[in-house]
Amino acid sequence: MSNTLQPAQPPHRVVFVVVPPVMAHDLSVAQAVLGDVRTAGAAGAAGQGAYDLRVTTPDPGLVETVAGPELVIRDGLEHVEAADTVFVIGGGARPDVDDRTTSVLRTAATAGKRIVGCCTGVFVLARAGLLDGRRATTHWHVLDQLARDYPRVTVERKALYVEDGAVLTSAGAAAVIEVCLHLIRSDHGAAAAAAAGDLAVAGPARSADHPQPAAAALTASTTSAASRSKPRTDRTLAATRAWAHERLSVPMALADLAAHAKVSERTLTRRFHTETGLSPLQWLLRQRIDRARQLLETTDLTMDRVAEHSGLGSPDSLRHHFVAHVGETPSSYRTRWRAPAGL
């Protein structure tokens, strides 16, 4: 599957700041997701990367990892000055962050650069003072530590990632994919983000307020052995969400979703909120808005047809939901993101 955008602006410069010890997975996943986005070349030729990626660290050379072999990073922090986005990974939630790193990050923030902290990299941002008075999240395992060590930070405990102005924070592991897809959507539109998600073999994008698995883990630790022995299909609505996602153009009521899941509407609502942080109908609306965004970007369908295919009903309903959730009308969104014909 191609993940090619229209040609236009030069590559967006992303500089990774790796603070040992680092989880190599977080770095490699972010590089892979952002590195797969490409602009269109002339006459069908392969285009250049939409993101110019550079990996830096305070002391270039061998870098300690949490697990697995050490990394070799050759570039130093002097490259941060040229970044459009600074992506901080690692640090292990330790308080002894190198002063060179915090200084560079403060300078980048003052210059108006977008800054992303991933997993324990969030602690590096907090140490630099960049999260004071802001909302932030991190891996659920160290949420309490973040709240205790940095009381001026408003810790969001049920979020995969948080965007507060030009600063984004996220949990680690799979949440790195989600925050990268959010960056791609912000920079290049919903269709590009959907294509990047497909390449990453990710399911439908989870919203920022999708809960981290901490609550599920705590629930599992207190359930009886009998309930823990039940098949996973008894405790997840993933199949029902996938079923609904394939039928967004079809009218669906709460009763339809409950019937597919073979549970009561009350149970469906409770489980949906546990798994997604949203009610079933709120989740369904978000999927339909995302579908409409992709159709506006990638097709010449009329507003009537976009509303029909996305399941939003009418052009008036489409416009209402776009203004409320996207912040602009469908027409202005299409003008801003529509790829030129023939690409």
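Calculation criteria
- Residues numbered from 1 in each chain as written.
- Predicted model: local features only at pLDDT ≥ 70, side-chain atom pairs only at ≥ 80, totals over all residues.
- Heavy atoms only, no water.
- Salt bridge = Lys/Arg side-chain N within 4 Å of Asp/Glu carboxyl O.
- Buried < 20%, exposed > 50% of the residue type's maximum accessible area, 1.4 Å probe, protein only.
- Phe/Tyr/Trp six-rings, centres within 6.5 Å; stacked < 30°, edge-to-face > 60°.
- Helix = DSSP H or I, 4+ residues; strand = E, 2+ residues; numbered from the N terminus.
- Expected span 1.5 Å × (residues − 1).
- Arc of directions from axis to C-beta.
- Contact = heavy atoms within 4.5 Å.

A. Layout of the pattern of salt bridges. Scanning all chains against the criterion turns up 15 salt bridges. Between D98 and R100 there is a salt bridge; the shortest N-O distance is 2.7 Å. Under the relative-accessibility criterion, D98 is labelled partly exposed at 26%. Of the residues examined, R100 reaches a relative accessible area of 39% and is grouped as partly exposed.

B. Main features of the packing of aromatic side chains. Considering all chains together, one arrives at four aromatic pairs under this definition. Taking the centre distance of 6.3 Å and the plane angle of 70 degrees together, the rings of F123 and Y150 count as edge-to-face. Of this pair, F123 sits in helix α3 (residues 121-127) while Y150 is found in the loop between α4 (143-149) and β10 (154-155), placing the two residues 27 residues apart along the sequence. Assessed through its relative accessible area of 2%, F123 is described here as buried. Summarising the aromatic geometry, the rings of F322 and Y333 are spaced 5.5 Å apart at their centres and angled 80 degrees between planes, so their arrangement reads as edge-to-face. Taken together, the residues span a long stretch of sequence, with F322 in helix α14 (residues 315-325) and Y333 in helix α15 (residues 330-337) at a distance of 11 residues. Accessibility expressed as a relative area gives 0% for F322, which makes it buried.

C. Seen up close, helix α1 (residues 24-35). Across its 12 residues, α1 extends 16 Å between first and last C-alpha, which sits within 8% of the 16 Å expected from 1.5 Å per residue. Inspection of α1 places D26, L27, V29, A30, V33 and L34 among the buried residues, and these make up the whole buried set. Taken down its axis, α1 places every buried residue within 170 degrees of arc, on the same side. Looking at the buried positions of α1, the neighbouring elements they touch are β2 (12-19), β4 (51-56), β6 (71-73), β7 (85-90), β8 (114-118) and α5 (174-188).

All we've got here are geometric facts, nothing functional implied.
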